[in-house]
Every structure is written in structure tokens, then in C-alpha cells.
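Residue-level structural notes
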Amino acid sequence: MELHYDVADLALRHTFHIAHGTSDLRRNVIIAIGDGLGEAAPVAYHHESVDGVSSALEHWRPGIEHLSEPAGLHALLRTLSGSNAARAAVDIALHDALGKRLGCSLADLMGLRQLPVPPTSFTIAITTPEELPARVAEAAGYPILKVKLGTSRDLETVRTIREHAPAARIRVDANAGWSREQALALMPALAEVGVEFVEQPLAVGDLDGLAAIKQACTGLPVVVDESVRSAADVVALAPYVDGVNVKLMKTGGIAGAVAAIHTARSCGLRVMLGCMIETSLGVTAAAHLAPLADWLDLDGPLLIANDPFRGVTFDGAELRLPDGPGLGVERR
């Protein structure tokens, strides 16, 4: 099976500002293995880059191109190490190729087609107080808002959003941007504003901080994101948190995501299925797993102005999978 890849420059509809940094353009790697398509969305805060993805793919090329049948994907994936984003692209492409070979959707192949799918949240990135009401107004069609925090005005931001969207369900994501002291001070106040939960309040590895938050009973559940890249991470974090955010780009694809989700369930944790800023290709791959999650944050294509693919569609917060074989994704 031949491997091909190129880089897609993705223009964002708005400047995307989170605690990790700011961007107007994202560069993702699009791959093809036979007739299967996959996507890698590397981000610097996971020590990933386009060059790193390309280097991994070249290193893995002999093993990938030696594969004659996509059904051998699990054996191949066990040999791939290094870039999780690159591994996710390979995993997604081979699942797509397998579905196409069998003539069925990945959702049908996994037995998930008829199960209910949660609605997705829509992201409100960090912005100025003057611009914030307009961003909230733009998101009026989305009943669940995920608000990026990590500034000195976090509580004011959430109160403003609550004022302009009184019926919205609000979730907040600090992207590891708070200290323990900030988290303990902010979380009870955010609970009073009606926030549902907080995502990644503290730096990766701060288990003592997570334990202190849990002991303080702040009134807000804690979901971790950056801290979780594998099923093993889920086990280590389970005593300290209420849920995990599983992303294909962190787990190395669909197979790793399913393992992390099942591990979370066995530990009594709730599951969010999320994404990086990905095109309809990567997000459609994740959306096939949506029935396994409690919460979705799969709004990547809604943040991109020049998505090169057609796949999952959005009716407000409701996701609709395509009907075609494999992922059902097509190039525009």
C-alpha cells in the first residue's frame, strides 16, 4: 500500500488564542495509504510539529508500504512509535481503507451506527472584553459553549458570557494555565455562575494539585486533557479527576482512543471526545466514536475557513455522519 502525504495550510475564522499561545493558521499533514485518508494535527505543546510528523512517516514508510491489506493495521500500529499525531494519521487512513475494502461505514464496522450521539460544544477562544459579546452572538446556534480561560479576567469572561447567553451550557478549559491557588479560588465562583465542569485546570503532572482540588470539593468536576495521552495515563489519573478528554491526535488514532475510553469506563470516569484544530477528515474519524462518549468537543471544522474535505456535518450542535464507506470523507 503506497504512502503519500502533503501539508494543508488551514486558515482560521478567528484568531485562536488559548493559554498555550495564539494562531491564525494551522498546518496539518494529510496522508493517503492506498485509498484511505488520514490527518495529523501536530501541536507544539505536545512536542509535535509538521517536520516531526513527516520524519516519522518517512521512518515508517517501509513498514507501511510492505502492508498489502488494511486489515493488518493493528499489527502495523504496534510497531510505530514516536509521533502520536503521525501514528493517528496512519491509523485513521487504514481504518478508512478497511471500511472501503469491506464496503461499509466505520460506524457500522464498529457496531456504533444506531447508538445516540451527544451534542458537541462550540469553542469561545480567549479574546478582548470588547470583542467577547460579538463572539457569543456568533455562537448563538450552539447551546453548549466551551470557554477558553487562562487570563487575569477569567471570572469576568464567564460572567459576561452568562449575561449574553443565559440559557447556554458553559464548560471552561484553562489549558493548564492556572496555579493551584487560582484554581481553588476560581472554581467555586465558576460553579455559582453555572459552569458544568473545568478542563485541565493545572499543569501536566501536578497530581498533588489535583488531589488538593478534589479534597476542597469546589463544586466543579475536573476533566483532564493535556495530561492524558494513553490508557495508562487514564489509570494514573483516575483517583484525582472526574473525567478525561480523549483525542485521536494524543492517543495515536482510533485504536488508542477506544482503549483509553474503555479504560476510563473501567475506572469509573466520564469521557469527553475532543479534537485539535482538525479538518472534517480528522473530526469525522473521531465522530465515528461519538456514541462511546458522554460529551463531545468536535468543533474543529467550524473553526476553519478553508476546510479541504467534506465529511461530518453539523445541524447546530448535532453531528451527522456521512453515509459512504470507510470514513465517508471526500475531498472538496
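Focus on the overall build of the protein chain
From N to C terminus, the protein chain includes twelve helices and 15 strands. By the compact-globule yardstick of 20 Å for 332 residues, the protein chain fits well, its C-alpha radius of gyration being 19 Å. Burial status across the protein chain gives 57% buried among its 332 residues. For the protein chain, contacts bridging at least 24 residues in sequence account for 68% of all contacts bridging at least 6. Summing over all exposed atoms, the protein chain offers an accessible surface of approximately 13,000 Å²; the carbon and sulfur share of this is 51%.

Some remarks on the sheet that holds strand β10 (residues 270-274)
Here eight strands make up an open sheet; going across it, the order is β4-β5-β6-β7-β8-β9-β10-β11 and the pairing parallel. Two strands close off the open sheet at either side, each with one partner strand: β4 (122-124) and β11 (295-297). Between one strand axis and the next, the sheet turns by 25 degrees as a mean value, whatever way the strands run. One ladder, built from two bridges, connects strand β8 (residues 222-224) with strand β9 (residues 243-247); its direction is parallel. Following the sheet pairing, Val-223 is matched in β9 by Gly-243.

So, the nonpolar core
Val-90 and Leu-190 are the most contacted members of the largest nonpolar core, which has 112 residues in total. Ignoring sequence-local partners within four residues, the contact set of Leu-190 consists of Leu-149, Leu-155, Val-158, Val-172, Trp-178, Val-195 and Leu-220.

Considering the side chain of Glu-48
Within the secondary structure layout, Glu-48 lies in the loop between β3 (36-40) and α1 (50-66). When neighbours within four sequence positions are excluded, Glu-48 is seen to be in contact with Pro-42, Val-43, Val-53, Ser-83, Asn-84, Ala-85 and Arg-229.

Here we look at helix α7 (residues 180-192)
Between its terminal C-alpha atoms α7 stretches 19 Å, which fits the 18 Å expected from 13 residues at 1.5 Å a residue. Most pronounced at Leu-186, the bend in α7 amounts to some 30 degrees, and the proline Pro-188 follows within four residues. Among all positions in α7, only Ala-183, Leu-186, Met-187, Ala-189 and Leu-190 are buried. Looking at the buried positions of α7, the neighbouring elements they touch are α6 (154-164), β6 (169-173), β7 (195-199), α8 (207-216) and β8.

Rules of the game
- Residues numbered from 1 in each chain as written.
- Predicted model: local features only at pLDDT ≥ 70, side-chain atom pairs only at ≥ 80, totals over all residues.
- Heavy atoms only, no water.
- Helix = DSSP H or I, 4+ residues; strand = E, 2+ residues; numbered from the N terminus.
- Rg over C-alpha atoms; globule rule 2.2 N^0.38 Å.
- Buried < 20%, exposed > 50% of the residue type's maximum accessible area, 1.4 Å probe, protein only.
- Contact = heavy atoms within 4.5 Å.
- Areas by Shrake-Rupley, 256 points an atom, 1.4 Å probe, with all protein chains shown as cover.
- Pairing = 2+ DSSP bridges.
- Axes fitted to C-alpha atoms, helices over the stretch in contact; angles between N-to-C directions.
- Core = buried A, V, L, I, M, F, W, Y, C linked by side-chain atoms within 4.5 Å.
- Expected span 1.5 Å × (residues − 1).
- Bend = angle between axes of the 7 residues up to and from the residue.

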